[in-house]
Amino acid sequence: MISTSDAPATAEALLAEARRRTDARLSSWAERLSVRVGGRDGAALGYALGSPGKRVRAALVIAAYRAAGGTSSAIDGVAAAVETVHTYSLVHDDLPCMDDDDLRRGRATTHRAFDLPTATRVGFLLVPVAAEVLCDAALTLGVTSDVLGGMAVELFQAGGVEGMVGGQWLDLEAEGRRLDLAELIAVHRGKTGALIRASCVLGGMAASAGPRELDALAAFGEEIGVAFQIADDVLDATSTSEALGKTAGRDEALHKSTYAQVMGVARARAEALRLAARALSHLEGTACVSPSLAALANYIVTRSS
Ligand code: GRG
C-alpha cells in the first residue's frame, strides 16, 4: 500500500519515487521479455526499457491517482504502461527516418547501440507490451473490466492518430516549413500533450474518479502537456546535449518550427508558466486539488533537463 495522503512533497522527491517504482516494474518486464523474445531483440528491448528517463509521465499517473483518492501500489504498473508507450515513441522518434538522433537519455539511441531493423522491431514490440503491462496492473488494482476498457482506450487513443502518432505525423510533414502558433499547438497537443493528458486521466480512472474529477484531470493534463513541450523547445534552444542527455539544437538543425522560434525564448518561457497556472486552475473546486500535481506542474515548466 502507498500513502493515501497527498502531503506536500518536492517534485524531485516525487520524480525519484516514480523512477524507483516504475524502473523496478520495467526491469522485471524486461527480464521476462528477454526470455520470451530472446537474442538480440530481447537484449535491445531490455536496453530501451531500462534507459533512464525522468519518468515525468509516471509521476503524473501516481500523483493523479493519489489526488483522486487511490491507495494501491499497483498503480506503478499503470505508470509503467504509460512509460512503455513513451519509450516506444522515443525509440522510433530517434530513427533515421524521423529525427535521426544518436543520443538519448545520456546514451546511444537504440538503433545506434544495436541496429536499425532491431530498433524498429523493438519500437513496434513495445506497443503490445504496453497493453500487457496495463492489463496486468488493472488486474492487480482490481478495477472492473469496464474501467480497464476505458483505460486502454485512453492510453492507446492518446498514442494514436488523434494523439501522438498524429502529432508526430504533422511535425514530420512540417519540417522546413514555418508553422503559425495555431498549427504548432496542434502538433504538440498530439505529439507530446496527448500522452501527458492520458497519464493524468489514467491515474484518475484507476482510482475510480467521477466524471467531474476526470474532466478536471484531463483539462489539467492537456494544459500541462503543451507547457511541457514549450519548456522542451526552450531547453533545446538554450541548453547543452550534456545537460539534456539528448542532442541540443536538434530542432534548428531539422528546421523545425518551435515555440522558442515563433515566440522568442522569453515569451515562450512566460507562456509555459501561464499554462501551468491555468492547468492548476482546472483542479480548483474539485476533489483533485493536489500539492503533488502542483509541484509537478511547476517542475515541468522550470526544469533544466
Ligand atoms: C509513425 C508518424 C509516426 C509516429 C510514431 C515516434 C512517434 C510515433 C511519436 C513521437 C513522439 C515524441 C517523441 C514526442 C516528443 C515528446 C517529448 C518532449 C519527449 C521527451 O520527453 P521527456 O523529456 O523524456 O520526458 P525522458 O527521456 O525524460 O523520458
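Before reading on, note that the structure itself is shown above.
The rules behind these values
- Per chain, the residues get numbers from 1 upward, laid out in the order the sequence is written.
- Whole-chain, interface and lining totals are the exception, using all residues; otherwise, since this is a predicted model, local features are given only for residues with pLDDT of at least 70 and side-chain atom pairs are given and counted only at 80 or more.
- Only hydrogens and water are removed before side-chain values are computed, so all heavy atoms of the structure are retained for them.
- Any residue with a non-hydrogen atom lying within 4 Å of a molecule or strand is treated as near it.
- Pairing of N or O atoms within 3.5 Å defines a polar contact, subject to two protein rules: one partner must be a possible hydrogen donor and the other a possible acceptor, and residues neighboring in sequence count only if both atoms are side-chain atoms.
- Here the open area of atoms and residues is found with the Shrake-Rupley method and a 1.4 Å probe, where only the protein chains shown may cover a residue.
- Secondary structure elements are defined from DSSP: runs of H or I of at least 4 residues count as helices, runs of E of at least 2 residues count as strands, and each element is numbered from the N terminus.
- Put simply, a nonpolar core is a bunch of buried Ala, Val, Leu, Ile, Met, Phe, Trp, Tyr and Cys residues held in one set by side-chain atoms that sit within 4.5 Å of each other.
- Three labels apply to residues, based on accessible area from a 1.4 Å probe with only protein chains included: buried if under 20% of the type maximum, exposed if over 50%, partly exposed otherwise in between.
- Every case where a carboxyl oxygen of Asp or Glu lies within 4 Å of a side-chain nitrogen of Lys or Arg is listed as a salt bridge.
- Within this scheme a cavity is a closed region of a 1 Å grid, computed over the protein atoms alone, that accommodates a 1.4 Å probe without allowing it to escape, whereas a pocket is open but has protein on both sides within 12 Å along at least five of seven lines; lining residues each have an atom within 4 Å of a point.
- Grid points are joined across faces, edges and corners, and a volume is the space filled by probe spheres set on the points.
- Three classes are used: nonpolar for Ala, Val, Leu, Ile, Met, Phe, Trp, Tyr, Cys and Pro, charged for Asp, Glu, Lys and Arg, and polar for all others, with Gly counted as polar.
- Axis definition: a line fitted to C-alpha atoms, over the contacting stretch in the case of helices. Angles run 0 to 180 degrees between N-to-C directions.
- Oblique is the label for any angle not under 35 degrees, not over 145, and not in the 65 to 115 range, which are roughly parallel, roughly antiparallel and roughly perpendicular in turn.
- Contacts are assigned to residue pairs that have any heavy atoms within 4.5 Å of one another.
- Each Phe, Tyr or Trp ring (for Trp, its six-membered ring) is paired with any other whose centre lies within 6.5 Å, and the angle between the two planes then decides the class: stacked below 30 degrees, edge-to-face above 60, tilted in between.
- Note on geometry: a ring has a charge over it if NZ (lysine) or CZ (arginine) is within 6 Å of the ring centre and within 35 degrees of the ring normal.

Participant: I'm lost on the site of the ligand in this one. Help?
Facilitator: Of all residues adjacent to the ligand, which total 20 residues, the nearest are K54, R57, H86, S89 and R105. Within the contact set of the ligand, an oxygen atom lies 2.5 Å away from a side-chain nitrogen or oxygen of K54. Here an oxygen atom of the ligand sits 2.7 Å away from a polar atom, N or O, in the side chain of R57. Expressed as a share of its isolated accessible area of 750 Å², the protein-covered part of the ligand is 89%. Counting residues per element, the ones that place at least two in the shell around the ligand are helix 4 (75-93), helix 8 (164-173), helix 9 (181-206) and helix 10 (211-238).

Participant: Explain the nonpolar core to me, please; I cannot follow it from the model alone.
Facilitator: Proteins that are soluble and globular tend to have nonpolar side chains buried together. Formed by 90 residues in total, the largest nonpolar core has its most connected members in L60, V78, F220 and I224. Looking at this core element by element, the count peaks at 11 residues for helix 10.

Participant: Can you walk me through the pattern of salt bridges in this structure?
Facilitator: A pair can form between side chains of opposite charge whenever their charged atoms are brought close. A complete count under the given rule lists 24 salt bridges for this structure. We note a salt bridge from E132 to R36, for which the minimum N-O separation is 2.9 Å. On the criterion of sequence distance, the pair formed by E132 in helix 6 (residues 116-141) and R36 in helix 1 (residues 11-37) is long-range, its members being 96 residues apart. Residue R36 is classed as exposed on the basis of its relative accessible area, which comes to 52%. Between E271 and R274 there is a salt bridge, with the nearest N and O atoms lying 2.9 Å from each other.

Participant: It is not clear to me how the layout of surface pockets should be interpreted in this structure. Could you clarify?
Facilitator: To find leftover empty space, one rolls a probe the size of a water molecule over the atoms. Empty space within the second largest pocket amounts to approximately 240 Å³. Lining the second largest pocket are 13 residues; nearest its centre among them are Q157, A158, E162, A194 and R197. Broken down by secondary-structure element, the contributors of at least two residues to the lining of the second largest pocket are helix 7 (145-158), helix 9 and helix 10. The element best represented in the lining of the second largest pocket is helix 9, accounting for five residues. Considering only residue class, the lining of the second largest pocket consists of four nonpolar, four polar and five charged.

Participant: Sorry if this is basic, but what is going on with the packing of helix 7 against helix 9 here?
Facilitator: A pair of packed helices is captured by two measures, namely the crossing angle of their axes and the spacing between those axes. Running from amino to carboxyl end, helix 7 crosses helix 9 at an angle of 170°, the nearest separation of the two axes being 9 Å. Taken as axis vectors, helix 7 and helix 9 run roughly antiparallel relative to one another. Here helix 7 contributes V147, G150, M151, E154, L155 and A158 to the contact with helix 9, which in turn contributes A194, L195, R197, A198, V201, L202, M205 and A206.

Participant: Would you mind showing me how to read the packing of aromatic side chains here?
Facilitator: Two measures describe an aromatic ring pair: the distance that separates the ring centres and the angle between the ring planes. According to the stated counting rule, one finds one aromatic pair in the structure shown. Residues Y47 and F114 carry aromatic rings whose centres are separated by 5.5 Å and whose planes lie at 70° to one another, so their mutual orientation is edge-to-face. Taken together, the positions of Y47 in helix 2 (residues 39-49) and F114 in the loop between helix 5 (110-113) and helix 6 put the pair 67 residues apart, joining distant regions of the chain. Judged by relative accessible area, which is 19%, Y47 ranks as buried. Taking NZ or CZ as reference, R32 lies 4.1 Å from the ring centre of W29, over its face. Note that R57 overlies the ring of F228, its terminal NZ or CZ placed 5.1 Å from the centroid.

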